[in-house]
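Read off the chains here:
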Amino acid sequence: MSLSYADTISVYSATTLVSEPREELSYFLPKYELIRDVLAGEYAVKRKTTVYLPMPNPSDKSEDNIARYQTYLQRAMFYNVTNRTVQGLVGHIFLCAPVFDLPENLQALSTNADGKGLTLSQLAKTCCYHTLAYGRCGLLSDYPQTSETVSVADIRSGAIQPTIRFFAPLRDIVTGK
């Protein structure tokens, strides 16, 4: 029996721990892991052994059968057209450089959007890649809390600046961390 996404949605319990997957997203966990492995390529697919490449005779536990399976794994080919397709689509979307119309006090975001040196253009490409691959990603815009008044000079110098943080679907959004 296959459950649909609608079947998995239930009222989110306030007692759920942050380390546990959210109920409404737990349906997607196996799909996200499959997507992650396929995007990672042949090594990731082969590392999962029988998950993606089932043993032809699983009931036979003999050394000969295990050796045959190991050679089967070595000979198996995985053409990673999925990752190449997603990268190609992102490249096609960004053929023309994006234009950001930011107010003067937010210009620092164009060269350092996340506070770690990621440009706004790189952040947009990362979001586009994950949205094409997984169907979603997350962004959190934040402004640092200060106990003192912030001047325009502080903002222009980069001493105080807003940030936009990226959240990956499998790693960050599912657990809520």
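Above this note sits the structure.
This is a predicted model, so every value here is computed, not measured. (Residues numbered from 1 in each chain as written. Predicted model: local features only at pLDDT ≥ 70, side-chain atom pairs only at ≥ 80, totals over all residues. Heavy atoms only, no water.)

Q: Sorry if this is basic, but what is going on with the overall build of the protein chain here?
A: Along its length, the protein chain carries 9 helices and 2 strands. Going from the N terminus to the C terminus, the protein chain shows its helices and strands as α-α-α-α-α-α-α-β-α-β-α. Carbon together with sulfur atoms contributes 57% to the accessible area of the protein chain, which is approximately 12,100 Å² in total. (Helix = DSSP H or I, 4+ residues; strand = E, 2+ residues; numbered from the N terminus. Areas by Shrake-Rupley, 256 points an atom, 1.4 Å probe, with all protein chains shown as cover.)

Q: Hey, could you run me through helix α6 (residues 81-93) in this one?
A: Every α-helix winds through 3.6 residues per turn, so residues three or four apart in the chain are directed the same way. End to end, α6 covers 18 Å across 13 residues, agreeing with the expected 18 Å (1.5 Å per residue, within 8%). Burial in α6 covers these residues: N83, V86 and V90. Down the axis, α6 shows its buried residues gathered within 65° of arc, on one side only. Along α6, the residues that are exposed and aim more than 90 degrees away from the buried face are V81, R84 and H92. The inward-facing, buried residues of α6 abut α3 (29-40) and α7 (120-134). (Expected span 1.5 Å × (residues − 1). Buried < 20%, exposed > 50% of the residue type's maximum accessible area, 1.4 Å probe, protein only. Arc of directions from axis to C-beta. Contact = heavy atoms within 4.5 Å.)

Q: Is there a simple way to think about the nonpolar core in this case?
A: Soluble globular proteins tend to pack their nonpolar side chains together in the buried interior. In terms of nonpolar packing, the biggest core is built from 13 residues, with Y32, L39, V86, V90, Y129, A133 and Y134 touching the most fellow members. Going through the elements one at a time, α3, α6 and α7 are the ones with two or more residues in this core. For this core, the element with the highest residue contribution is α7, accounting for 4 residues. Counting 8 residues, the second-largest nonpolar core is a separate cluster that includes L109, L120, I164 and A168. (Core = buried A, V, L, I, M, F, W, Y, C linked by side-chain atoms within 4.5 Å.)

Q: Which parts of the structure should I look at to understand the side chain of D37?
A: If you trace the backbone, D37 turns up in helix α3. For D37, the side chain forms a polar contact with the side chain of R36, separated by 3.5 Å. Excluding residues within four positions of it along the chain, D37 makes contact with A44, V45, K48 and Y52. (Polar contact = N/O pair within 3.5 Å; in protein donor to acceptor, adjacent residues only side chain to side chain.)

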